[in-house]
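Structural overview
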Amino acid sequence: MTGLRIAVIDDHPLFREGVRRSLSEINGFQIVGEGCTKEDAIRIARDHSPDVILLDISMPGGGLDAVSPILDHFPEQKIIMLTVSERSDDVTKALNSGAKAYVLKGVGSRALAEIIRAVASGEGYVSPALSARMLSDLSSISNAPNRTDPISELSSREYEVLDLAASGLSNKRIALKLDIHEKTVKHHMGRIFAKLNVTNRTEAAMALRDAGHDIRLV
């Protein structure tokens, strides 16, 4: 059997079954492990080396507390938080711990499959509603006096890419909108992260908002 190797860690058996069934019906996915605790997540990462782990927050041991131990031993492991929590501090902790994506459980199976593929290819993702909320919560930071504007260091194309990424578009959709290759978008995102001294798309979007730039709606 071929395809992306996925592990699902969630303490609700019916939800795990639904995710497993949904992904199994979409070509390109193989479920290689299931669990319901922090310890299960660490063990499955060690024993099965999945391409992507789908990890809930609310479980015995705590899903957020599983991220760092997994990445300490397996730094290349890609983790997607798949949860009902909409708390901004949970999103921040997950991303700062090294999770590549934060997705709410209301996501559809096709959208989840697209997010998994994107994360497996090296992209990050945060549910747009949560990203917008975090930006709104932190918007007052932009009032700090005498603050340099790192956004001014971006080229016009890098600014376009960041603006679209901040609005919630994936690299693929940005490429289509700007009529450039997806690899070119990834290159621009890498330069944006370096110039803004950030590690993911949400932090880059926050930097855009903190500098006083409005984020377009698309």
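Conventions adopted
Residues numbered from 1 in each chain as written. Predicted model: local features only at pLDDT ≥ 70, side-chain atom pairs only at ≥ 80, totals over all residues. Heavy atoms only, no water. Helix = DSSP H or I, 4+ residues; strand = E, 2+ residues; numbered from the N terminus. Buried < 20%, exposed > 50% of the residue type's maximum accessible area, 1.4 Å probe, protein only. Contact = heavy atoms within 4.5 Å. 1 Å grid on protein atoms, 1.4 Å probe; cavity = no way out; pocket = protein on both sides within 12 Å on 5 of 7 lines; lining within 4 Å. Points joined across faces, edges and corners; volume = space filled by probe spheres on them. Nonpolar A, V, L, I, M, F, W, Y, C, P; charged D, E, K, R; others polar. Lys, Arg positive; Asp, Glu negative; His and termini not counted. Salt bridge = Lys/Arg side-chain N within 4 Å of Asp/Glu carboxyl O. Axes fitted to C-alpha atoms, helices over the stretch in contact; angles between N-to-C directions. Parallel < 35°, antiparallel > 145°, perpendicular 65-115°, else oblique.

An unreviewed UniProt entry lists the chain under the name Response regulator transcription factor, with Phyllobacterium zundukense as the source organism.

By the secondary structure assignment, His-188 is in helix H9 (residues 182-196). Overall, His-188 belongs to the buried group, its relative accessible area being 13%. The contacts of His-188, once residues within four sequence positions are left out, are Arg-157, Glu-158, Val-161 and Ile-180.

This part covers the layout of surface pockets. Its boundaries defined by the atoms lining it, the largest pocket holds a volume of some 390 Å³. Of all the elements in the fold, those that place two or more residues in the lining of the largest pocket are helix H5 (109-120), strand E6 (125-126), helix H6 (128-137), helix H7 (156-166) and helix H10 (201-210). No other element matches the four residues that H5 contributes to the lining of the largest pocket. Within the lining of the largest pocket, the residues separate by chemical class into 12 nonpolar, seven polar and five charged. In this structure, the second largest pocket spans a volume of roughly 320 Å³.

Moving on to the side chain of Arg-201. As for its placement among the helices and strands, Arg-201 is situated in helix H10. Among buried charged residues, Arg-201 stands out as having no salt bridge; its nearest opposite-charge side chain is Glu-123, 4.2 Å away. Once you skip the residues sitting within four places of it in the chain, Arg-201 turns out to touch Glu-123, Gly-124, Ala-165, Leu-169, Ser-170, Asn-171, Ile-174, Met-189 and Phe-193.

Let us look at the packing of helix H3 (residues 64-73) against helix H4 (residues 88-97). The geometry of H3 relative to H4 is characterised by a closest axis approach of 9 Å and an angle of 10° between their N-to-C directions. Between H3 and H4, the interaxial angle falls into the category roughly parallel. Of the residues in H4, those touching H3 at Leu-64, Asp-65, Val-67, Ser-68 and Leu-71 are Asp-90, Lys-93, Ala-94 and Ser-97. Classifying every residue of the contact of H3 with H4 gives four nonpolar, two polar and three charged.

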